[in-house]
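Summary of structural features
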Amino acid sequence: MRQGLVRWMSTNSPMHSAFLALVGLSLFHSVSSQFSPGFPYGSQKVRGVNLGGWLVLEPWITPSIFDNSGNPNIVDEWTFGQYYDRAIATNVLQNHWNTWITQNDFANIAAAGLNHVRLPIGYWAFEVGPGEPYIQGQLPYLQNAAQWASQYGLKLIVDLHGAPGSQNGYDNSGHRMSYPTWQSNQTNIARTDAIIKQIASMFADQANVVPIIAPLNEPAGYYGSSVLTPLRQYYYDSYGNIRYPYGTSTQSNTVVLLHDAFQPLSYWNGFETTPNFQGVAMDTHIYQVFSNVDVQMSWQSHINTACGTQSTLSNFDIWLMVGEWSPAITDCATYLNGRGNGARYDGSYPGSTYVGSCTGLTGSASTFSSSYKTFLRQFWEAQVISYEKSNGWLMWTWKTESADEWSYLAGLQNGWIPWSPTDLQYPTICG
């Protein structure tokens, strides 16, 4: 979680000829096999929330899991499996999976008027390679999530949040590292393709419950062509894997949700658009906390910045959604920048300058002033209004242990998020 001409599929790709044949067949059969997604994305707004920190650990969402290990070198799920006693680690994870998100959470999400949940999951839930210390056991909970979503009328987005080698080096990819290696090794990419095929096959006939698969969260496109070139190829291959999960010319009704890789939306203009591609959507993530400039902004500037996204979001050539965003305006939440790292806001992060104290801006909502809570409501509404200029939004995240400013549930309980997302107190906040 952080912040040209379309190249056709390379001819040396194993998918190339089969894919061209499939696209040709799909166009030929387009009248008889009408694409019918499990949600009317063109006409109804996505309003949803992420189930962060459940099937992929994040130190800032559940700091107690990391603190209780007693080992400062445990900073992500990779090191959790690497340095922790195996039996204890397995027990901690299973307890966490059983308790962090339950059927009751799905009931509350539906009661809050939301229609989508996005569920991050790591590749290691499906397959662990030699020497990889990950602990498995997540898949029954993925199945539970689909069952609960169906029960409460919610749509589930299955999001591959961590790929072999790490696509961004973030702790939330499973493996924190200074430079991602997913893109530099064809075996990593091939393994990821196989996992996407597996996910697509699992849910191929459940598009009414799992209407979207997101083949890769937040690949680090800011490293340039070394990431973007293999990524574009992977996105073509993912289209084939998700839209054609049966091994025939028969299409699924599953939507492919591509992350923008931190590129401006204009970079993706014309990529996987109709008529040659059907059922492709773009995911963009908008945060205002992960730079010195962001955390130095005034409250009003944060609102203005949110309102300023509207023109870009309303003019894109495929379905577009803001798949992650937050009412947080500081990076003060414990371990938000990684376990062992401080915050830009209070100057404890390397290379940052002190803006102010974190006291009263993170942690329990009981420490939040009424003016801060009023601001959180205004900022939440400014973002919802603005992001609905696209096809909708999913806030990050449903719940946290100790960072209420990031928690949808805490917002509901403390009044800065309404129990119906259309119940706005500041409908003209963007003018």
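In what follows, the accompanying structure is described. Worth saying up front: this structure is predicted, and the values here are computed from it rather than measured. (Residues numbered from 1 in each chain as written. Predicted model: local features only at pLDDT ≥ 70, side-chain atom pairs only at ≥ 80, totals over all residues. Heavy atoms only, no water.)

**A closer look at helix α12 (residues 370-387)**
Selection criterion: By definition, any uninterrupted DSSP run of H or I lasting at least four residues is a helix, any uninterrupted run of E lasting at least two residues is a strand, and each is numbered from the N terminus. By definition here, a helix of n residues has an expected span of 1.5 Å times n minus one. Under the scheme applied here, a residue whose accessible area is under 20% of the maximum for its type counts as buried, over 50% as exposed, and between as partly exposed, the area being computed with a 1.4 Å probe on protein chains only.
When the terminal C-alpha atoms of α12 are compared, their 26 Å separation across 18 residues agrees well with the 26 Å that a helix rising 1.5 Å per residue should span. The buried count for α12 comes to 13 of 18 residues, which makes it a mostly enclosed element.

**Thoughts on the state of the cysteines**
Threshold: Defined by distance alone, a disulfide is two cysteine sulfur atoms within 2.5 Å.
In total, this model carries two disulfides according to the counting rule given. Note on cysteine connectivity: Cys 307 is disulfide-linked to Cys 430, with sulfurs 2.0 Å apart. Looking along the S-S bond of the Cys 307-Cys 430 disulfide, the torsion reads about -80 degrees, which is the left-handed sense. Residue Cys 307 is located in helix α10 (residues 299-307), and its partner Cys 430 is located in the segment after α13 (408-414); the two are separated by 123 residues in the primary sequence. On the basis of relative accessibility, which here comes to 15%, the residue Cys 307 falls in the buried class. On the basis of relative accessibility, which here comes to 26%, the residue Cys 430 falls in the partly exposed class. Bridging Cys 332 to Cys 358, the disulfide has an S-S length of 2.0 Å. Taking the torsion about the S-S bond as the criterion, the Cys 332 to Cys 358 disulfide, at about -75 degrees, is left-handed. Here Cys 332, found in the loop between β7 (319-325) and α12, pairs with Cys 358, found in the loop between β7 and α12; they are 26 residues apart in sequence, far enough to count as distant. You'll find Cys 332 and Cys 358 in the same group, each marked buried. Among the cysteines of the protein chain that take part in disulfides, numbered as they appear in the sequence, the pairing is 1-4, 2-3.

**A word on the pattern of salt bridges**
Note the cut-off: In the sections that follow, a salt bridge refers to a side-chain nitrogen of Lys or Arg positioned within 4 Å of a carboxyl oxygen of Asp or Glu.
Enumeration over the complete set of coordinates arrives at nine salt bridges. Residues Arg 118 and Glu 324 are paired through a salt bridge, measuring 3.0 Å at the closest nitrogen-oxygen approach. One end of the pair, Arg 118, is in strand β2 (residues 116-122); the other, Glu 324, is in strand β7, and 206 residues separate them in sequence. Of the two residues, Arg 118 and Glu 324, both sit in the buried class. Salt-bridge contacts for Glu 381 lead to Arg 377; the nearest nitrogen and oxygen are separated by 2.7 Å. Of this pair, Glu 381 and Arg 377 both sit in helix α12, four residues apart, roughly one helical turn. In this structure, Glu 381 and Arg 377 share a single accessibility class: buried. Among the charged side chains, a salt-bridge network with shared partners connects Arg 118, Asp 159, Asp 283 and Glu 324.

**Some thoughts on the side chain of Glu 58**
The condition is simple: The charged-residue count follows a simple rule in which Lys and Arg add positive charge and Asp and Glu add negative charge, with His and chain termini not counted at all. Whether two residues are in contact is decided by their heavy atoms, any of which lying within 4.5 Å being enough.
Secondary-structure assignment places Glu 58 in the loop between β1 (46-50) and α2 (63-67). Despite its burial, Glu 58 pairs with no opposite charge, the nearest such side chain being Arg 118 at 8.0 Å. Those residues in contact with Glu 58 that lie beyond four places of it in its chain are Gly 53, Phe 66, His 161, Asn 172 and Trp 396.

Keep in mind these numbers describe shape, not what the thing actually does.
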